[in-house]
Amino acid sequence: MSKHQTIFSCYKCGAQFPKWSGQCFECQAWGTIKEGEENAKKQESKKAKKLFNTENLIDINKVSNEHFDRLKIKMREIDTVFGGGIVKGSITLIGGEPGIGKSTLSLQLFKQLEGGEEALLYISGEESASQIKLRMDRLDYSAKNLKFLSETNVEQIQAAIETVKPKLAIIDSIQTIHSNQVESEPGNVAQIRACTVKLMEVAKQNNIPVIITGHVTKDGSVAGPKTLEHLVDTVLYLEGDKLHGYRILRSTKNRFGSTNEVGILEMTDKGLQEVEDPSKAFLDSSTQNTAGSVISCFAEGNRVFFCEVQALVSPTIFGYPQRKTAGYDLNRLQMISAVLLKRARLNLTNQDIHLNIVGGFKIKEPAIDLSVALAIYSALKDKPIPKNTVVIGELGLGGEIRSVFNLEKRINEAEKLGFAQVIIPDVKINKDYKIKITRIKEIGELMKV
Ligand code: TYD
Ligand code: MG
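We now turn to the structure provided with this report. (Residues numbered from 1 in each chain as written. Chains lettered and ligands numbered in written order. Predicted model: local features only at pLDDT ≥ 70, side-chain atom pairs only at ≥ 80, totals over all residues. Heavy atoms only, no water.)

Some remarks on the overall build of the protein chain
Next up, step 1: Of regular secondary structure, the protein chain possesses eleven helices and 23 strands.
Next up, step 2: Along the first, second and third principal axes, the C-alpha atoms of the protein chain reach 75 × 65 × 50 Å.
Next up, step 3: Of all 449 residues assigned to the protein chain, the portion counted as buried reaches 48%.
Next up, step 4: Pairs at least 24 residues apart make up 64% of the contacts formed inside the protein chain by residues separated by at least 6 positions.
Next up, step 5: With an accessible surface of roughly 23200 Å², the protein chain has 51% of that area assigned to carbon and sulfur atoms.
Next up, step 6: Charged side chains in the protein chain number 60 positive and 54 negative. The centres of these two groups are separated by 4 Å. (Helix = DSSP H or I, 4+ residues; strand = E, 2+ residues; numbered from the N terminus. Buried < 20%, exposed > 50% of the residue type's maximum accessible area, 1.4 Å probe, protein only. Contact = heavy atoms within 4.5 Å. Areas by Shrake-Rupley, 256 points an atom, 1.4 Å probe, with all protein chains shown as cover. Lys, Arg positive; Asp, Glu negative; His and termini not counted. Charge placed at Lys NZ, Arg CZ, Asp CG, Glu CD.)

Quick look at the structure:
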């Protein structure tokens, strides 16, 4: 065997092969495989090993507690998600579907941070200066110290940040920028990673907070923001239904705070605004008691929100019965209808079921299972459920009702908002409540209640 072993790697996905080929076996891209010298890399890593210095080892007990310097946005919902403000020298990723409001949010952060000597730096690879100006007019934002740069080359962006030394730099979006050192188109994994690492370097070396925005597609799995979550300090996602006004700013990673925080904002014609009473945001007060509609509540981080679950049950006209959902997991709906069929003897075999969570919010929590079951029952029997009742509980396969976390907090909130009754799983509760509490053990009982 020869000493000089060469390896071939794909510059698109990074996969390595012992032989050259026209198409990458991993990502199926054509003409992306290039030759690289394995031995040279081995030599380099040997050299690096020798450079290690024992003086670099730090005794962790001697490190003093550092207080993080934070930039306050002065909007409660945003500051809490950041863990009390944006930490200087940190790098944050704001991800979200295209059109959800990332660029709007970026400009609003700048608007809130206006004032003082330091400049603000907005780098856009997507929009021109005049487009940004137009949006600023919508937001009533007349900037005094905002510098704009339309640039897609990360080396130039680095230089710009080092020259301007801004209070905050925002790069919109990571998918549009590229590095000269990586040979692939912008937006692909290798580029996104290389660019993020470069931006991280400037952020840390100059103690400047940097925010990058990133597009995520519907299923959230596309190579992009997901692949750089481990690199950045803070990951925030802006979520919501584009057709509805509410946006949820959620932190899924935060090196300087808790990830249990969510912020509720509303997209108005003047940008994103704070919502006065977030727990009621998803409730529609105008609707009357109609069959198939049930109030439930779900928790997001430390907060509790109320929502309306609507079901429509109608006889199947042709073929298999349909199950359709909006804002809820389809598999979960299928499971619940199976449990209703088997354990509560509800005849759903020739009925179509449509389920909708009002407000355009996607709920992943099992705590609304019971309300889904009740909504289906109510729709099937055409019996309205009073709007002053909140239904909470997880449904098991045996038809048993399981407890949910933060149950007392939910009851508390329901009482505060003036609901008359809560239907909950059969568990012990330590506190006395004014609100009427109905406990149920299994799904059959629910029908009687
Ligand atoms: P945008 O910030 O461009 O989304 P992203 O950067 O995530 O792709 O958001 C654009 C949407 O927000 C667009 O459909 C218009 C709407 N919008 C408002 O409703 N009100 C406003 O004040 C602004 C600026 C935008
Ligand atoms: Mg944008």
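Observations concerning the site of ligand 1
Next up, step 1: Taken together, 16 residues lie near ligand 1, and Gly99, Ser103, Thr104, Thr268 and Gly271 sit nearest.
Next up, step 2: Side-chain polar atom of arginine 135 to an oxygen atom of ligand 1: 2.8 Å apart, as the coordinates give it.
Next up, step 3: Those elements giving two or more residues to the shell around ligand 1 turn out to be helix H3 (102–113), helix H4 (129–138) and strand S13 (262–268).
Next up, step 4: At three residues, H3 tops the list of elements feeding residues into the shell around ligand 1. (Near = heavy atom within 4 Å. Polar contact = N/O pair within 3.5 Å; in protein donor to acceptor, adjacent residues only side chain to side chain.)

Some points on the sheet that holds strand S17 (residues 323–326)
Next up, step 1: Overall, mixed pairing links the seven strands, which are arranged S17-S18-S16-S15-S19-S22-S23 in an open sheet. The outermost strands of the open sheet, each flanked by one partner alone, are S17 and strand S23 (436–440). Direction aside, neighbouring strands of the sheet carry axes that sit 30° apart on average.
Next up, step 2: Of the pairings in the sheet, the one linking strand S15 (residues 293–300) to strand S19 (residues 389–391) comprises two bridges and is parallel in character. When the bridges of S19 are listed, serine 296 appears paired with valine 391.
Next up, step 3: Relative to the sheet, helix H8 (residues 330–343) contacts S17 and strand S18 (351–357), its axis offset from that of S17 by approximately 130°.
Next up, step 4: Sheet strands in contact with helix H10 (residues 407–416) are S15, strand S16 (303–315), S19, strand S22 (421–425) and S23, and its direction is about 85° off that of S16. (Pairing = 2+ DSSP bridges. Axes fitted to C-alpha atoms, helices over the stretch in contact; angles between N-to-C directions.)

Re the sheet that holds strand S8 (residues 146–150)
Next up, step 1: In spatial order, the strands read S8-S7-S9-S10-S6-S11-S12-S13-S14; together these nine strands make up an open sheet with mixed pairing. Each having just a single partner strand, S8 and strand S14 (271–274) make up the two edges of the open sheet. Neighbour-to-neighbour, the strand axes of the sheet open up by a mean angle of 25°, direction not taken into account.
Next up, step 2: Two strands pair when backbone bridges link them, and strand S9 (residues 168–172) and strand S10 (residues 210–215) are joined in this way by three bridges, in the parallel orientation. When the sheet's bridge partners are listed, isoleucine 171 is paired in S10 with isoleucine 212.

Description of the pairing of S10
Next up, step 1: Here S10 lies mainly inside the structure; five of its six residues are buried.
Next up, step 2: Pairing geometry for strand S6 (residues 91–96) and S10, over six bridges, is parallel. Along S10, the bridge assignment pairs leucine 93 with isoleucine 212.
Next up, step 3: Regarding topology, helix H6 (residues 189–206) serves as the crossover connection from S9 to the parallel S10, and that connection is right-handed. (Right-handed = clockwise from strand over helix to strand, strands pointing away.)

Things to note about the nonpolar core
Next up, step 1: By size, the foremost hydrophobic cluster in this structure holds 45 residues, and its most contacted members are Phe282, Ile336, Leu340, Val372, Ile376 and Ile443.
Next up, step 2: Among the secondary structure elements, those contributing two or more residues to this core are S13, S15, S16, H8, S18, helix H9 (369–381) and helix H11 (443–448).
Next up, step 3: When residues in this core are grouped by element, the largest group, eight residues, is from H9.
Next up, step 4: Composition of this core by domain shows at least three residues from each of domain 2 (70–276) and domain 3 (293–448).
Next up, step 5: The residues contacting phenylalanine 282, other than those within four sequence positions of it, are Tyr246, Ile248, Ile264, Phe298, Phe305, Phe306, Cys307, Glu308, Val358, Gly359 and Phe361.
Next up, step 6: Membership of the second largest hydrophobic core comes to 29 residues, among which are Val81, Ile86, Leu109 and Leu168. (Core = buried A, V, L, I, M, F, W, Y, C linked by side-chain atoms within 4.5 Å. Domains from an automatic or database assignment.)

As for the packing of helix H5 (residues 154–164) against H6
The angle between the axes and the distance between the axes are what describe a pair of packed helices.
Next up, step 1: Relative orientation of the contacting elements H5 and H6 amounts to 10°, with a least axis distance of 10 Å. Judged on the interaxial angle alone, H6 and H5 are roughly parallel. Packed against H5, whose contacting residues are Val154, Glu155, Ile157, Gln158, Ile161 and Glu162, the element H6 presents Cys195, Lys198, Leu199, Glu201, Val202, Gln205 and Asn206 at the interface.
Next up, step 2: Considering only residue class, the contact of H5 with H6 consists of six nonpolar, three polar and four charged. (Parallel < 35°, antiparallel > 145°, perpendicular 65-115°, else oblique. Nonpolar A, V, L, I, M, F, W, Y, C, P; charged D, E, K, R; others polar.)

Structural notes on the packing of aromatic side chains
Next up, step 1: In the structure shown here, the tally under the stated rule is six aromatic pairs.
Next up, step 2: Taken together, the ring pairs connect Phe110, Tyr122 and Phe148 into an aromatic cluster. (Phe/Tyr/Trp six-rings, centres within 6.5 Å; stacked < 30°, edge-to-face > 60°.)

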